[in-house]
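# Working through the structure, step by step
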Amino acid sequence: MTVQVGEKVADFTLPNQDGELVSLSDFKGKHVVLYFYPKDMTPGCTTEACDFRDAHESFKDLDAVIIGISPDPVASHQKFIDKHDLPFLLLADEEKQVAEQFDVWKLKKNFGREYYGIERSTFIIDKEGVLQKEFRKVKVKGHVEAALEFIREQL
């Protein structure tokens, strides 16, 4: 069952970059900016992660946490964080269970080749765990500002 705007998001648990298990419910009482991205260290994903990094304090000021999710393994996430000084959690969804819960594991086409991968998407979950906004098929440029603005409007 895909999560819908206005509905409570089912709890999930994934390992973070340190191999520690993190659950969505750990963040009850905070806004959660959950962003799905295709792959660590790729150009678009690096730009997006660095944009979230640069806006981290602004999100924190609004009582919001940023969590990135990709199918990459824990060790890859740790290297990505170390290389780009990322101040937020990256969760490893190697089985794509959470990606499927949010309907972001999609058939993609690139240069005539078809394959499954993550459709870059961001979800904003309120302090009670209810999905308030979804940004699908995200274009990196200007996206972080749009997510930040949406949370500001909710306050």
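As the structure is a prediction and not an experimental result, all values here were calculated from the model.

Reading the values: the criteria
- Residues numbered from 1 in each chain as written.
- Predicted model: local features only at pLDDT ≥ 70, side-chain atom pairs only at ≥ 80, totals over all residues.
- Heavy atoms only, no water.
- Helix = DSSP H or I, 4+ residues; strand = E, 2+ residues; numbered from the N terminus.
- Rg over C-alpha atoms; globule rule 2.2 N^0.38 Å.
- Buried < 20%, exposed > 50% of the residue type's maximum accessible area, 1.4 Å probe, protein only.
- Contact = heavy atoms within 4.5 Å.
- Areas by Shrake-Rupley, 256 points an atom, 1.4 Å probe, with all protein chains shown as cover.
- Lys, Arg positive; Asp, Glu negative; His and termini not counted.
- Charge placed at Lys NZ, Arg CZ, Asp CG, Glu CD.
- Pairing = 2+ DSSP bridges.
- Axes fitted to C-alpha atoms, helices over the stretch in contact; angles between N-to-C directions.
- Arc of directions from axis to C-beta.

Moving on, we get to the overall build of the protein. In terms of regular secondary structure, the protein is built from five helices and nine strands. Traced from its N-terminal end to its C-terminal end, the protein shows the element sequence β-β-β-α-α-β-α-β-α-β-β-β-β-α. Scaling as 2.2 N^0.38, a compact globule of 155 residues should have a C-alpha radius of gyration of about 15 Å, and the protein matches this with 14 Å. Projected onto its principal axes, the C-alpha coordinates of the protein cover approximately 45 × 35 × 30 Å. Across the 155 residues that make up the protein, the buried fraction comes to 48%. Nonlocal contacts in the protein, meaning residues at least 24 apart in sequence, comprise 63% of its contacts between residues at least 6 apart. As displayed, the protein offers around 8,000 Å² of accessible surface, 49% of which is attributable to carbon and sulfur atoms. If the 21 positive side-chain charges of the protein are averaged to one point and the 28 negative ones to another, these points end up 5 Å apart.

An order of β5-β4-β3-β8-β9 is seen for the five strands of this open sheet, with the pairing classed as mixed. For this open sheet the edge positions go to β5 (89-92) and β9 (131-135), each flanked by a neighbour on one side alone. Taken over all neighbouring pairs, the strand axes of this sheet differ in orientation by 20° on average, direction set aside. With four bridges connecting them, strand β8 (residues 121-125) and β9 associate as antiparallel partners. In the strand pairing of β9, T122 is matched with F135. Across the face of the sheet, helix α1 (residues 43-54) comes into contact with β3 (31-36), β4 (64-70) and β8 while running at roughly 165° to β3. Packing against the sheet, helix α3 (residues 74-84) makes contact with β4 and β5, and its axis sits at approximately 160° to β5.

Among the residues making up α3, those that are buried are S76, H77, F80, I81 and H84. Viewed end-on, α3 has its buried residues packed into an arc of 135°, placing them on one side of the element. Exposed residues on α3 whose side chains face more than 90 degrees from its buried face are K79, D82 and K83.

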